[in-house]
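So the chains spell out like this:
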Protein chains: 2
Amino acid sequence: MDFGIEKILKISELSEQTGLSAHTLRYYEKHGLINASNRSEAGYRFYNDSDLRRVQFVKTARNTGFSLADIGQLLSIRVDKRSHSCQDVTDITQKKLLEVSAKLTELQSMQQTLELLLESCCGGPENATHCSIMEALDAGLLRDDNKEARIIK
Amino acid sequence: MDFGIEKILKISELSEQTGLSAHTLRYYEKHGLINASNRSEAGYRFYNDSDLRRVQFVKTARNTGFSLADIGQLLSIRVDKRSHSCQDVTDITQKKLLEVSAKLTELQSMQQTLELLLESCCGGPENATHCSIMEALDAGLLRDDNKEARIIK
DNA sequence: TATAACCTTAGAGCCAACTCTAAGGTCAAT
DNA sequence: ATTGACCTTAGAGTTGGCTCTAAGGTTATA
């Protein structure tokens, strides 16, 4: 229903359009995420609008944090939306959100520890014989995995 | 000045003490982070208290988010504190903090996007023909790297 | 027709930090 | 003397997502 002129793109043009390298596009193809709907006689890949939109979907999903495996699932929903439910989609999204949140928690804990370390140290040109960062790392009282930061003040 | 009895540990005992696998301990050794100050005639590694403390330092630094390369630098300060300044230590720490903060920002953006996506979708058993998550990914309006999330409501 | 700029493929390399394997040596207890 | 649990080494494999290389074929322009 799009009456615009269909633009056929070679891989370097698709690369330019999407900001993904030709290498990456071939890599995505090898992993079953995208495809060139046509080839020239010599085997050159030709991409149409639909191909382009699919690649852009992949790129957007990638930017959102989805793994290539996640995206594979999202794409199989995308090509046959009628056979899938919104819940199928939210399941994938929810799973990803949990992963991201978990990593976030870990990084926040690291951030807090690093900030505490920096606060505790003069950071000056004095020699490090009594550096409180070194002492804290020696004392081992920072954080063990999930435990709260509990650096000595 | 520690008059306690020095405990000599084999690698499996050091592993038990530290929670790091013997494989990992050998790996750290291969990468110049730690060492067994002694070996048996047969070549078995023997670790003394000082070795143990060094390994614990490495573990603590690892938990804090430092890379093995960072830890290598921290260790070389640790063995000769007199020749290094507090600033040397805070430089490493600051650099790590910046890395962590950058990653945090990226993950927060992802988290926000994922939350918006989930809010926008019913998540129900309806088929996905009008799934707003799929539409958002198709529209490509989520986030390009650093740009703010700007999903259509 | 020559040259440069494309394109193709299979497969290797990269990153970090492990994790594991193979093939063998050592040691304590039975 | 024989288990079985330890230890040694070099080196390969894992993870995910690229990124690059080599060796060659194609196409557009001068």
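We now turn to the structure provided with this report. Not measured: the values here are computed from a predicted model.

Before going further, it helps to examine the overall build of chain A. Across its full length, chain A carries 6 helices and 2 strands. Written out in order from the N terminus, the α and β elements of chain A read α-α-β-β-α-α-α-α. Buried residues in chain A amount to 43% of all 153 residues. Of the contacts formed within chain A by residues at least 6 apart in sequence, a portion of 46% connects residues at least 24 apart. Carbon and sulfur atoms provide 49% of the accessible area of chain A, an area that totals close to 8,800 Å².

Turning our attention to the interface of chain B and chain A. Facing 54 residues of chain B, the contacting portion of chain A comprises 54 residues. Buried surface at the junction of chain B and chain A, both sides included, amounts to about 4,900 Å², of which 72% is carbon and sulfur. At the surface where chain B touches chain A, the tally comes to 4 salt bridges. Here A:Asp138 and B:Arg78 are joined by a salt bridge, their closest N and O atoms 2.8 Å apart. Counting across the chain B and chain A interface gives 14 residue pairs in polar contact (both at pLDDT 80 or more).

With that out of the way, let us pick up the protein's contact with DNA strand C. Surrounding DNA strand C, one finds 18 residues, the nearest of these being A:Ser12, A:Arg45, B:Tyr27, B:Tyr28 and B:Tyr44. Side-chain polar atom of B:Tyr28 to a phosphate oxygen of DNA strand C: 2.6 Å apart, as the coordinates give it. Elements that contribute at least two residues to the surface near DNA strand C include exactly α1 (11–18) and α2 (22–30) of chain A together with α2 (22–30) of chain B. For the surface near DNA strand C, the element with the most residues is α2(B), which contributes 4 residues. Residues that form the surface near DNA strand C fall into these classes: 7 nonpolar, 5 polar and 6 charged.

Another point: the relation of the copies chain B and chain A. Superposing chain B onto chain A takes a rotation of 180 degrees combined with a translation of 0.0 Å along the rotation axis, leaving an RMSD of 0.1 Å. Such a combination of rotation and displacement between the chain copies is what one expects of a two-fold axis. Minimal C-alpha distance to the rotation axis in chain B is attained by B:Leu104, lying at 3.2 Å. Both copies present the same face, since 100% of the interface residues in chain B are matched by interface residues at the equivalent positions in chain A.

This brings us to the layout of surface pockets. When its volume is computed, the largest pocket comes out at roughly 190 Å³. As for the largest pocket, its lining consists of A:Lys103, A:Glu106, A:Leu107, A:Met110, B:Gly65, B:Lys96, B:Glu99, B:Val100 and B:Lys103. Those elements that place two or more of their residues in the lining of the largest pocket are α5 (86–120) of chain A together with α5 (86–120) of chain B. Each residue belonging to the lining of the largest pocket can be placed in one class, and the counts come to 3 nonpolar, 1 polar and 5 charged.

The next subject is the pattern of salt bridges. Taken as a whole and judged by the stated rule, the model has 16 salt bridges over all chains. Here B:Lys96 makes a salt bridge to B:Asp70, at a shortest N to O gap of 4.0 Å. Separated by 26 residues along the polypeptide, B:Lys96 in helix α5 and B:Asp70 in helix α4 (residues 68–79) bring together distant segments of the chain. The same class applies to B:Lys96 and to B:Asp70, which are both buried. Between B:Lys96 and B:Glu99 there is a salt bridge, and its shortest N-O distance comes to 2.9 Å. Note that B:Lys96 and B:Glu99 are positioned in helix α5 at a spacing of 3 residues, about one turn of the helix. Look at B:Lys96 and you get buried, because its relative accessible area is 9%. Residue B:Glu99 is classed as partly exposed on the basis of its relative accessible area of 37%. Each of A:Asp70, A:Lys95, A:Lys96 and A:Glu99 takes part in one network of salt bridges that share partners.

Here we come to the packing of aromatic side chains. In this description, a pair of aromatic rings is defined by centroid distance and the angle of the planes. All names here are of chain A. One pass over the structure, following the stated rule, counts 2 aromatic pairs over all chains. Aromatic side chains Tyr27 and Tyr28 sit 6.2 Å apart centroid to centroid with 50 degrees between the ring planes, which places their arrangement in the tilted category. Residue Tyr28 is classed as buried on the basis of its relative accessible area of 7%.

Lining the immediate environment of DNA strand D, one finds 18 residues, of which A:Tyr27, A:Tyr28, A:Tyr44, B:Ser12 and B:Arg45 sit closest. Within 4 Å of the protein, the contacting atoms of DNA strand D are drawn from sugar and phosphate to the extent of 67%. A:His23 is positioned such that a nitrogen or oxygen atom in its side chain is 3.4 Å from a base nitrogen of DNA strand D. Between a base nitrogen of DNA strand D and a side-chain N or O atom of A:Tyr44, the distance comes to 2.6 Å. Secondary-structure elements contributing two or more residues to the surface near DNA strand D are α2 of chain A together with α1 (11–18) and α2 of chain B. A per-element tally of the surface near DNA strand D places α2(A) first, with 4 residues. Of the residues that constitute the surface near DNA strand D, the class distribution is 7 nonpolar, 5 polar and 6 charged.

Parameters at a glance
- Residues numbered from 1 in each chain as written.
- Chains lettered and ligands numbered in written order.
- Predicted model: local features only at pLDDT ≥ 70, side-chain atom pairs only at ≥ 80, totals over all residues.
- Heavy atoms only, no water.
- Helix = DSSP H or I, 4+ residues; strand = E, 2+ residues; numbered from the N terminus.
- Buried < 20%, exposed > 50% of the residue type's maximum accessible area, 1.4 Å probe, protein only.
- Contact = heavy atoms within 4.5 Å.
- Areas by Shrake-Rupley, 256 points an atom, 1.4 Å probe, with all protein chains shown as cover.
- Buried area = accessible area lost by both parts, 1.4 Å probe.
- Salt bridge = Lys/Arg side-chain N within 4 Å of Asp/Glu carboxyl O.
- Polar contact = N/O pair within 3.5 Å; in protein donor to acceptor, adjacent residues only side chain to side chain.
- Near = heavy atom within 4 Å.
- Nonpolar A, V, L, I, M, F, W, Y, C, P; charged D, E, K, R; others polar.
- Least-squares fit on C-alpha atoms with pLDDT ≥ 70 in both.
- 1 Å grid on protein atoms, 1.4 Å probe; cavity = no way out; pocket = protein on both sides within 12 Å on 5 of 7 lines; lining within 4 Å.
- Points joined across faces, edges and corners; volume = space filled by probe spheres on them.
- Phe/Tyr/Trp six-rings, centres within 6.5 Å; stacked < 30°, edge-to-face > 60°.

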